[in-house]
Amino acid sequence: YDGQTIVLGGLISDRYEKRENKVPLLGDMPLLGALFRQSKEQTAKTELLIVLTPHVIDSPAECRRVDDITSIEVDRLSVPESVKESIRRSVIDGTGGLYDAQGHKIQIEAPDAPAPPPVIPPDKTHP
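Calculation criteria
- Residues numbered from 1 in each chain as written.
- Predicted model: local features only at pLDDT ≥ 70, side-chain atom pairs only at ≥ 80, totals over all residues.
- Heavy atoms only, no water.
- Helix = DSSP H or I, 4+ residues; strand = E, 2+ residues; numbered from the N terminus.
- Buried < 20%, exposed > 50% of the residue type's maximum accessible area, 1.4 Å probe, protein only.
- Polar contact = N/O pair within 3.5 Å; in protein donor to acceptor, adjacent residues only side chain to side chain.
- Arc of directions from axis to C-beta.

Peer 1: Mind showing me how you'd approach the side chain of Arg19 here?
Peer 2: Of note, Arg19 is situated in strand S1 (residues 6-22). Its relative accessible area of 18% is what places Arg19 among the buried residues. There is a polar contact of 2.9 Å between the side chain of Arg19 and the side chain of Glu17.

See the structure below:
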């Protein structure tokens, strides 16, 4: 039926993260070590739903109705205005991040990257 919304599917992701930062050696000391280390726990739940609201267009004269409906639905999205404008122009380059229900960007800390391997200069004593 025209205008009836259906949910096609979804994806749910739960993430739990516990980090500990400490000063080498001092953070390992009994009792006093607690002064030199910090623990942080973080949980995140992400849900992705595919929601579809079909609208029946009976004639070419109703094409304006499609633009009106699309504009209303885009305005309901909780993403920055720049992303909404990209959607209206049909140019989607990604959102540049994750956003909460109010449209505020969610900051995600990247895990500590391992140090790159040391560069060993070639031995010039052997030909």
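Peer 1: Would you mind going over the side chain of Lys84 with me for this structure?
Peer 2: Tracing the chain through its elements places Lys84 in helix H2 (residues 81-88). You can call Lys84 buried: its relative accessible area is 7%. Within the local environment of Lys84, its side chain forms a polar contact with the backbone oxygen of Leu77, the two atoms lying 3.3 Å apart.

Peer 1: Any chance you could explain the environment of Glu73 here in plain terms?
Peer 2: By the secondary structure assignment, Glu73 is in helix H1 (residues 63-76). Along the chain, Glu73 and Thr53 lie 20 residues apart, while their C-alpha atoms are 9.7 Å from each other.

Peer 1: Looking at this model, I keep getting lost on the environment of Ile57. Mind explaining?
Peer 2: One can find Ile57 in the loop between strand S2 (37-52) and H1. Separated by 55 residues in the primary sequence, Ile57 and Asp2 place their C-alpha atoms 8.9 Å from one another.

Peer 1: Can you walk me through unusual backbone geometry in this structure?
Peer 2: Among all residues except glycine, the phi angle is most often negative; among peptide bonds, the trans geometry is most common. Despite not being glycine, Leu25 has its phi angle at roughly 70°, a positive value. Assessed through its relative accessible area of 69%, Leu25 is described here as exposed. Not every positive phi belongs to a glycine, and Leu31 is a case in point at roughly 65°. Mapped onto the secondary structure, Leu31 falls in the loop between S1 and S2.

Peer 1: Where do I start with H2 in this structure?
Peer 2: Looking only at H2, the buried set comprises Val83, Lys84 and Ser86. Axial view of H2: buried residues confined to an arc of 160°, hence all on one face.

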